[in-house]
Structures are given as structure tokens and as C-alpha cells.
Amino acid sequence: MWQVYLKEINAFLNSLIAYIIIFVFLTTIGLIIWVFPDTSVLEYGYADLGTLFSFGPYVFLFLIPAITMRMFSEEKKSGTLEILFTHPLRDWEIIMGKFLAGFSLVLFTLIPTFLYYYTIYQLGSPVGNIDTAGTTGSYVGLLLLGGVFTSIGIFSSSITENQVVAFIIAVFLCFFIFSGFNSLASINWWGKGADFIDRLGILYHYNSLSRGLIDSRNLAYFFSVMAIMLLSTNLILGSRKW
């Protein structure tokens, strides 16, 4: 597993993709937090990172599929996946190695945003006048969201040789599981079942964490979705033996 992990990390670092992803994410979020007048904390004068956690998922919606789209698709197209299968590695070790590599890049992308937190912390009146519990919960939610999007991206990459198709599938699935269930629940057809449908989507659990409520049920939801997507990927890879 760690051999695959190091291989993927080296692939990221030896290409421009990791640096472009991190640059685009930090620049986009930085502009939203500090520059754009409708969202700038300097404009509305309230010390929080709400804009990061509101817009971050939608930036991840495109950036994470861009990270993961090549993981299996490129190897399938080039024929290196068959070579990888000849190594003494089980399918789940290959999957987890790639997942952890993608998730590590998401983590590396989020770490510099702590500078934004420190800056807003210092700008508070008085200093430190920021909802630390809510911010911590939001960071946990955004990190788990990145894990879910990474697992979806890997699944999408495993079902096609075309990276563009893998990207489009991943974006669609990420968008649907993030806000699609919430949109469906808002339709007046479901009656009492609307709340259940809403809870099937990420947005409900993400918003709960953003309030600083790190509930085991919300954590279980995120880990369950990751497990389902990774097991589905394992099923796709295992189908070559049928």
C-alpha cells in the first residue's frame, strides 16, 4: 500500500498538478475571503471563516476530481495497471494507497488556510473574538468532505479509461451527493420523508459539523460513504477476474 502511496505522491510532486491545485484553491478562497466585496470579511466586519467553509466545498467539487481523474484511468489507458496487478499487492492495498495519496494532497491544500484563521483571529475585536468551536468543526467537516470527494473521484477513475469522462462523472456524483439530496428534499412531494432524504446527503451532516457539533453520527456518515465508494472501486477492479 505504501509503495503505491509514495508512487502517487511522487507523481503529484513531479508534475505541476499538485502545485496548480494548491495555488488555485488558496487563490480562489483568498480572493473570496479578502477581496470580493460581497464576501470579504473586511467589508462586513465579522471575524469568521464562514466564506471558506461555504465556498470551499464548491471549489473542491472541481479540484478533487481533477486530482483523482488520472489515478486509474491513465494507468488503464497506458497499460501500467496490469503491470501493477502483477506486484504482490491486493486490490484494496492499491486502492487505499491511491486514496491516501489523494487525501494527503487535500490535507496539504487545507493546511495553509490556517494562516487565514490566524489573521482573522488577530483582527478580531477583541483579539481572538472568533467562534473557535465552529471553526474547528467546519475544518473537520471540510476535511471529511475532501475524503468523500476523493473516494468518489477514485471510483469514477476506475470505471473508465478516459480521464475527461472520469472527471465529469466525479463532478456529477460529488455535486449530487453534496447538495442533490437537499434539493430533492425541498420538493413538496415527500411529506414526512423529506427529512430522511435530506439526511442522505452530505450537506446536512456538513452543516451540523460547521456548527461545532462533532457528533459521532455525522462522522459515521462520512466514513460510511467513503467505505461504500472504495468498496465499489474494489468491486470494479475485481471484475477483471470474472
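Residues numbered from 1 in each chain as written. Predicted model: local features only at pLDDT ≥ 70, side-chain atom pairs only at ≥ 80, totals over all residues. Heavy atoms only, no water.

**Q** Give me the overall build of the chain: which residues, what numbers.
**A** Along the backbone of the chain there are 13 helices and zero strands. When the helices and strands of the chain are listed from N to C terminus, the series reads α-α-α-α-α-α-α-α-α-α-α-α-α. Counting only C-alpha atoms and orienting by the principal axes, one finds that the chain spans roughly 60 × 50 × 30 Å. Evaluated residue by residue, the chain yields a buried proportion of 48% over its 242 residues. Nonlocal contacts in the chain, meaning residues at least 24 apart in sequence, comprise 75% of its contacts between residues at least 6 apart. (Helix = DSSP H or I, 4+ residues; strand = E, 2+ residues; numbered from the N terminus. Buried < 20%, exposed > 50% of the residue type's maximum accessible area, 1.4 Å probe, protein only. Contact = heavy atoms within 4.5 Å.)

**Q** Quick one: what's the story with the packing of aromatic side chains, residue by residue and with numbers?
**A** Tallying each qualifying case throughout the model produces 10 aromatic pairs. Pairing phenylalanine 172 with phenylalanine 176 gives two aromatic rings, centres 6.4 Å apart and planes at 20°, and the pair type is stacked. Note that phenylalanine 172 and phenylalanine 176 are positioned in helix α10 (residues 163-185) at a spacing of four residues, about one turn of the helix. Since its relative accessible area comes to 54%, phenylalanine 172 is described here as exposed. Ring centres 5.7 Å apart and planes at 80° place the aromatic pair tyrosine 221 and phenylalanine 222 in the edge-to-face group. Phenylalanine 222 carries the same exposure label as tyrosine 221, and that label is buried. These aromatic residues form a ring-pair network of at least three members: Tyr58, Phe149, Phe178 and Tyr206. Above the plane of the ring of phenylalanine 72 lies lysine 98, whose end atom (NZ or CZ) is 5.1 Å from the centre. (Phe/Tyr/Trp six-rings, centres within 6.5 Å; stacked < 30°, edge-to-face > 60°. Lys NZ or Arg CZ within 6 Å of the ring centre and 35° of its normal.)

**Q** Quick one: what's the story with the pattern of salt bridges, residue by residue and with numbers?
**A** Tallying each qualifying case throughout the model produces seven salt bridges. Among the salt bridges present, the one from glutamate 8 reaches arginine 70, with a minimum N-O distance of 3.1 Å. On the criterion of sequence distance, the pair formed by glutamate 8 in helix α1 (residues 2-13) and arginine 70 in the loop between α4 (50-68) and α5 (73-78) is long-range, its members being 62 residues apart. Look at glutamate 8 and you get buried, because its relative accessible area is 0%. A residue is classified by how much of its surface remains accessible, and arginine 70, at 14% relative accessible area, is buried. Of the charged contacts, one joins lysine 98 and glutamate 8 as a salt bridge, the two residues approaching to 2.5 Å between their closest N and O atoms. Here the residue lysine 98 occupies a position in helix α7 (residues 91-110), and glutamate 8 occupies one in helix α1, the gap between them amounting to 90 residues. The same class applies to lysine 98 and to glutamate 8, which are both buried. Through salt bridges that share partners, Lys7, Glu8, Arg70, Glu74 and Lys98 make up one connected network. (Salt bridge = Lys/Arg side-chain N within 4 Å of Asp/Glu carboxyl O.)

**Q** Can you explain the side chain of threonine 109? Please cite residues and give values.
**A** Along the polypeptide, threonine 109 turns up in helix α7. Setting aside residues up to four positions removed in sequence, threonine 109 forms contacts with Ile21, Ile22, Phe25 and Leu26.

**Q** Give a description of a nonpolar patch on the surface that names residues and reports values.
**A** Taken together, the side chains of Leu13, Leu16, Tyr19, Ile20, Phe23 and Val24 present a nonpolar region at the surface, about 610 Å² in accessible area. In terms of residues, the nonpolar patch owes the most to one element, helix α2 (residues 17-35), which gives four residues. Within the secondary structure, valine 24 sits in helix α2. (Patch = residues over 30% accessible without salt bridge, like charges linked within 9 Å, V, L, I, M, F, W, Y side chains within 5 Å. Areas by Shrake-Rupley, 256 points an atom, 1.4 Å probe, with all protein chains shown as cover.)

**Q** So what's going on with the packing of α1 against α7? Residues and values would help.
**A** The N-to-C vectors of α1 and α7 enclose an angle of 40°; their axes lie 7 Å apart at closest approach. Taken together, the axes of α1 and α7 are oblique relative to one another. Where α1 crosses over α7, the two elements pack in a sense that is right-handed. Residues Trp2, Val4, Tyr5, Glu8, Ile9 and Phe12 of α1 lie in contact with α7, whose contacting residues are Ile94, Gly97, Lys98, Leu100, Ala101, Gly102, Ser104 and Leu105. (Axes fitted to C-alpha atoms, helices over the stretch in contact; angles between N-to-C directions. Parallel < 35°, antiparallel > 145°, perpendicular 65-115°, else oblique. Left-handed = near helix turned anticlockwise from the far one by under 90°.)

**Q** Explain the packing of helix α9 (residues 132-158) against α10 residue by residue, including any values.
**A** Closest axis-to-axis distance for the α9/α10 pair is 8 Å, and the angle between their directions is 140°. Classed by the angle they form, the pair α9 and α10 counts as oblique. As α9 runs across α10, the sense of the crossing is right-handed. In this structure, α9 contributes Leu145, Phe149, Ile152, Gly153, Phe155, Ser156 and Ser157 to the contact, and α10 contributes Ala166, Ile169, Ala170, Leu173, Cys174, Ile177 and Phe178. Residue composition of the contact of α9 with α10, grouped by class: 11 nonpolar, three polar and no charged. (Nonpolar A, V, L, I, M, F, W, Y, C, P; charged D, E, K, R; others polar.)

**Q** Residues and numbers for the environment of methionine 96, please.
**A** Along the chain, methionine 96 turns up in helix α7. Separated by 138 residues in sequence, methionine 96 and asparagine 234 place their C-alpha atoms 9.9 Å apart. Apart from the residues lying within four places of it in its own chain, the contact partners of methionine 96 are Met1 and Leu230.

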